[in-house]
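Structural description and commentary
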Amino acid sequence: DCGKIYAFASGAPAAGPAQARAAPVRAQAAPYPEDGLSAAYARAAEEILSRSGITKGYCLVLGARRGRLAWELARRSGLNIYCIEPDGALAAEARAALDAAGMYGTRVTVDCRPMDRIPYPDYFANLIVSDEFLIEGRISADPVEAFRMLKPCGGILCLARGAGAG
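**What about the overall build of the protein chain?**
The helix and strand inventory of the protein chain stands at five helices and five strands. In the protein chain, the succession of α and β elements from N to C terminus is α-β-α-β-α-β-β-α-α-β. Put simply, the protein chain has 166 residues, and 40% of those count as buried. A sequence separation of at least 24 residues applies to 78% of the contacts in the protein chain between residues at least 6 apart. Element-wise, carbon and sulfur atoms account for 55% of the exposed surface of the protein chain, whose accessible area totals about 9,600 Å².

Now the structure itself:
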C-alpha cells in the first residue's frame, strides 16, 4: 500500500500521481457495556502491546469469546486481527458487537471453528493472544497449532491473565 504504480500509455499523463483513498469507516462506538471487566480488558490490551512492542501486522486471538480483547487491541494499534472462537453463539455475539463498532470485516474477523486445526497459514501471526486465557486462566487451543502460525523471527505469543480471571 506504499509502493508506486507505473502505467505505460501513449500521450501525456492526465494528472499527477494517484493518491490512495481511505475507505470510509463508521464511528467506532464502544460495542461492549461498561462493566467489571472493562478495565481489565483495557489494561490487558495496553500491557500486551507495550510488552510485545507489536502494533502492526497480524494478530491471532485464540478463544476470542465475545471479541472484547480483539476490540481493545484494534482500538490501540494498527493490527489486523483474526479471531478463533469455537462457540457459535459467542462468535455471533463478537461479530455483531464488532460490526456495531465499525471494525468487523475491516480490522477484525471472527471465525467459528474448533481450535485443534486452524486453517490459517504457517508463520502468519506477528502476535498471538487469548481472550479465553485472560478471563478463564486456561487455553483450549493446541500449543503446537499456535506455534505453527507464529512468525519464527519476531513473532510473540503473549498470554495475559487479568484481575477478573477466575
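**Focus: the packing of aromatic side chains**
Throughout the structure, instances matching the rule amount to six aromatic pairs. Cluster of aromatic residues (ring-pair linked, three or more members): Tyr58, Tyr82, Tyr120 and Phe124. Its guanidinium or amino end placed over the ring of Trp71, Arg75 lies 4.5 Å from that ring's centre, counting from NZ or CZ.

**A few points about unusual backbone geometry**
Positioned with a positive phi, Arg65 is a non-glycine residue whose angle comes to about 50°. Mapping Arg65 onto the fold places it in the loop between β1 (56-62) and α2 (68-76). For Arg65, a relative accessible area of 16% corresponds to the buried category. Positive phi, normally seen in glycine, also occurs at Tyr123, with a value near 60°. With respect to the element layout, Tyr123 can be found in the loop between β3 (108-111) and β4 (127-130). A relative accessible area of 47% means that Tyr123 is categorised as partly exposed.

**Describing the nonpolar core**
Counting residues in each nonpolar core, the largest one holds 32 residues, and the members touching the most others are Leu69, Leu73, Ile81 and Val129. For this core, the secondary-structure elements that each account for two or more residues are α1 (38-52), β1, α2, β2 (78-84), α3 (88-100), β3, β4 and α4 (131-136). Leu73 has contacts with Ala45, Ile48, Leu49, Cys59, Ile81 and Val129, leaving out every residue within four places of it along the chain. Among the nonpolar cores identified, the runner-up in size contains 13 residues, and Leu62, Met115, Ala125 and Ala141 belong to it.

**What about the packing of α1 against α2?**
One way to put it is that α1 packs onto α2 with a least axis distance of 9 Å and a crossing angle of 55°. With respect to each other, α1 and α2 are oriented oblique. For the element pair α1 and α2, the recorded crossing hand is right-handed. Taking contact as the criterion, the partners of Ser38, Tyr41, Ala42, Ala44, Ala45, Glu46, Ile48 and Leu49 in α1 are, on α2, Arg68, Leu69, Glu72, Leu73 and Arg76. Classifying every residue of the contact of α1 with α2 gives eight nonpolar, one polar and four charged.

**Side note on the sheet that holds strand β5 (residues 156-157)**
Read across the open sheet, the five strands follow the order β3-β2-β1-β4-β5; overall the sheet is parallel. One side of each edge strand has no neighbouring strand; the edge strands of this open sheet are β3 and β5. Note that β2 and β3 share four bridges and pair parallel. Counterpart to Cys83 in the pairing with β3 is Val110.

**Quick notes on α1**
If you check α1, its first and last C-alpha atoms are 21 Å apart, about what 15 residues at 1.5 Å a residue would give, namely 21 Å. Residues Ser38, Ala40, Tyr41, Ala42, Ala44, Ala45, Ile48, Leu49 and Ser52 constitute the buried set of α1. Packed against the buried residues of α1 are α2, β2, β4, α4 and β5. Just downstream of α1 lies Gly53, where phi reads positive at about 75°.

Scoring rules and cut-offs
Residues numbered from 1 in each chain as written. Predicted model: local features only at pLDDT ≥ 70, side-chain atom pairs only at ≥ 80, totals over all residues. Heavy atoms only, no water. Helix = DSSP H or I, 4+ residues; strand = E, 2+ residues; numbered from the N terminus. Buried < 20%, exposed > 50% of the residue type's maximum accessible area, 1.4 Å probe, protein only. Contact = heavy atoms within 4.5 Å. Areas by Shrake-Rupley, 256 points an atom, 1.4 Å probe, with all protein chains shown as cover. Phe/Tyr/Trp six-rings, centres within 6.5 Å; stacked < 30°, edge-to-face > 60°. Lys NZ or Arg CZ within 6 Å of the ring centre and 35° of its normal. Core = buried A, V, L, I, M, F, W, Y, C linked by side-chain atoms within 4.5 Å. Axes fitted to C-alpha atoms, helices over the stretch in contact; angles between N-to-C directions. Parallel < 35°, antiparallel > 145°, perpendicular 65-115°, else oblique. Left-handed = near helix turned anticlockwise from the far one by under 90°. Nonpolar A, V, L, I, M, F, W, Y, C, P; charged D, E, K, R; others polar. Pairing = 2+ DSSP bridges. Expected span 1.5 Å × (residues − 1).

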